[in-house]
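Each chain is listed here by its residues.
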Amino acid sequence: MTDPRGVTLSLLARRSAGATICPSEVARAIAPDWRGAMPDVHAAIDALVRDRLVRLSWKVKPLAMRSGPYRIGRPGDE
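Residues numbered from 1 in each chain as written. Predicted model: local features only at pLDDT ≥ 70, side-chain atom pairs only at ≥ 80, totals over all residues. Heavy atoms only, no water.

Asks: Go over the sheet that holds strand S4 (residues 71-73) with me, naming the residues and quoting the values.
Replies: Overall, antiparallel pairing links the four strands, which are arranged S1-S4-S2-S3 in an open sheet. Every other strand in the sheet has two partners, leaving strand S1 (20-21) and strand S3 (61-63) as the edge strands with one partner each. Judged from the three bridges that link them, strand S2 (residues 55-58) and S3 form a sheet pairing that is antiparallel. In the strand pairing of S3, Trp-58 is matched with Lys-61. (Pairing = 2+ DSSP bridges. Helix = DSSP H or I, 4+ residues; strand = E, 2+ residues; numbered from the N terminus.)

Next up, the structure:
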């Protein structure tokens, strides 16, 4: 399995300013069994949020932490 943290940052770097990605996109990029990869993706996202390397949102509203459905974006791209 590829590193979900690095894949998340790479996917975001390829998106336009303000664009977000779904955690399942990260999981699909790192493992054939993407559903089985979701716990690793969530853990990586939690660490990226803690390090302030990504921001979370849902339906355009910012989220302080992962809870329920969420989208991942670059900080400052609100």
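Here the narrative resumes, following the displayed structure.
Asks: Describe helix H2 (residues 23-30), naming the residues involved and giving the relevant values.
Replies: Among all positions in H2, only Pro-23, Ser-24, Val-26, Ala-27 and Ile-30 are buried. The buried residues of H2 all sit within an arc of 155 degrees when viewed along its axis, so they share a single face. In the core, the buried residues of H2 are packed alongside helix H1 (4-13), S1, helix H3 (34-50) and S4. (Buried < 20%, exposed > 50% of the residue type's maximum accessible area, 1.4 Å probe, protein only. Arc of directions from axis to C-beta. Contact = heavy atoms within 4.5 Å.)

Asks: Break down unusual backbone geometry for me, with residues and values.
Replies: We note that Arg-52 has phi near 60 degrees; this positive angle belongs to a residue other than glycine. Structurally, the position occupied by Arg-52 is in the loop between H3 and S2.

Asks: I'd like a rundown of the side chain of Ser-57, residues and numbers included.
Replies: Examined against the element boundaries, Ser-57 turns out to sit in strand S2. A relative accessible area of 7% means that Ser-57 is categorised as buried. Residues in contact with Ser-57, not counting those within four places in the same chain, are Thr-20, Pro-62, Leu-63, Tyr-70 and Arg-71.

Geometric values such as these leave the question of function open.
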